[in-house]
Amino acid sequence: MIDLSEVNKSYKQGKEDYQVLYDINLKINEGEFVAIMGPSGSGKSTLIDIIGFLDQKFKGEYVFDDVKVNKLSRKEHAKLRNKSVGFIFQNFKLINNQNVGENIALPLLYAGSKRKEILKRVNEVLDQVGLKGSYHKMPKNLSGGQQQRVAIARAIVGKPNFLVADEPTGALDSATSKEIIELFKALNENGTTIIMVTHDEKVANQAHRLVNILDGRIQSDEEVQIANT
Ligand code: ATP
Ligand code: MG
């Protein structure tokens, strides 16, 4: 479980502290599908960077599955990130001179998995994201939606505890966005915890819980009532 208590975050701007998050209390259980919305600059990315163990410089407490995240060394923090989180971004962040399979295999290579296991697992997730047979394609020959599927495959290949997605449909047209959200829903139905930042209300309404951030504060945190199609 993700458990943030009284989390405050400031950036240094010259000699001044510029506060971005205020008194964030947020618990996210395994299996949830949470959307985070809020105006540009309200602190959404800052918040999910803390949740995803990219940023350890904050005040307050973060406990993840009984681990006190604040107390970890930098190395332990990075290790927890690599083991526990899959990241998905607006601009896919694929490596353009490596093929689809190689891109997806990266986290397993870093983790030191065996070649044979890597191949098996990569083909498994390719199937799962609807890209069976695309192992040898290059990213530049794929559509935006297909590139995002590759990024999702790479995010899930190491069986992380949860996925963090920052504007995963921000670069996609509405039909393609819908496909990507359907994929998220399918992954979530299979037990994957998803935390997703989005500007798109239609996309957010497909999650089960909606957290609104305004000026660095949680303004509302509610179950999503209407499941739009
Ligand atoms: P958007 O919807 O535009 O992505 P956001 O809600 O994700 O916005 P954040 O990126 O979390 O917003 O930024 C919150 C505030 O913190 C902004 O005012 C931003 O300028 C500031 N900020 C973000 N990163 C840094 C940084 N590394 N150093 C200083 N200020 C930063
Ligand atoms: Mg952002």
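Computed from a prediction, not measured in an experiment: that's the story for all the values here. (Residues numbered from 1 in each chain as written. Chains lettered and ligands numbered in written order. Predicted model: local features only at pLDDT ≥ 70, side-chain atom pairs only at ≥ 80, totals over all residues. Heavy atoms only, no water.)

## A closer look at the nonpolar core
Right, on to step 1. Of all hydrophobic cores here, the largest spans 40 residues; its most connected members are Ile104, Val122, Ile152, Phe184, Leu187 and Met196.
Right, on to step 2. Looking at this core, the elements that each hand over two or more residues are β3 (33-37), α3 (100-110), α4 (115-128), α5 (144-156), β7 (162-166), α6 (174-189), β8 (193-197) and α7 (201-204).
Right, on to step 3. If one sorts the elements of this core by residue count, α5 sits on top with six residues.
Right, on to step 4. Not counting chain neighbours up to four residues away, the residues in contact with Met196 comprise Phe33, Val34, Ala35, Ile36, Ala165, Pro168, Ile181, Phe184, Val203 and Ala204. (Core = buried A, V, L, I, M, F, W, Y, C linked by side-chain atoms within 4.5 Å. Buried < 20%, exposed > 50% of the residue type's maximum accessible area, 1.4 Å probe, protein only. Helix = DSSP H or I, 4+ residues; strand = E, 2+ residues; numbered from the N terminus. Contact = heavy atoms within 4.5 Å.)

## Overview of the packing of α5 against α6
Right, on to step 1. It is the contact of α5 with α6, at a shortest axis distance of 10 Å, that shows an interaxial angle of 20°. As judged from the angle between their axes, α5 and α6 are roughly parallel. For the pair α5 and α6, the sense of crossing is right-handed. Between α5 and α6, the contacting residues are Gly145, Gln148, Arg149, Ile152 and Ile156 on the first element and Thr176, Glu179, Ile180, Leu183, Phe184 and Leu187 on the second.
Right, on to step 2. Of the residues assigned to the contact of α5 with α6, the class counts are six nonpolar, three polar and two charged. (Axes fitted to C-alpha atoms, helices over the stretch in contact; angles between N-to-C directions. Parallel < 35°, antiparallel > 145°, perpendicular 65-115°, else oblique. Left-handed = near helix turned anticlockwise from the far one by under 90°. Nonpolar A, V, L, I, M, F, W, Y, C, P; charged D, E, K, R; others polar.)

## Quick word on the confidence of the model for the protein chain
Right, on to step 1. Taken residue by residue, the protein chain gives an average pLDDT of 95. The fraction at 70 or more is 98%.
Right, on to step 2. For this predicted complex, the interface confidence reaches an ipTM of 0.98, while the overall pTM sits at 0.94. (pLDDT = per-residue confidence, 0-100.)

## Considering the pattern of salt bridges
Right, on to step 1. Taken as a whole, this structure holds nine salt bridges when the rule is applied.
Right, on to step 2. Note that Asp221 and Arg209 form a salt bridge whose closest N and O atoms lie 2.8 Å from each other. Remark: Arg209 occurs in strand β9 (residues 209-214) and Asp221 occurs in strand β10 (residues 217-223); sequence separation between them is 12 residues.
Right, on to step 3. Look at Asp221 and you get partly exposed, because its relative accessible area is 33%.
Right, on to step 4. Taking the relative accessible area as the measure of exposure, Arg209 reaches 12% and is therefore buried. (Salt bridge = Lys/Arg side-chain N within 4 Å of Asp/Glu carboxyl O.)

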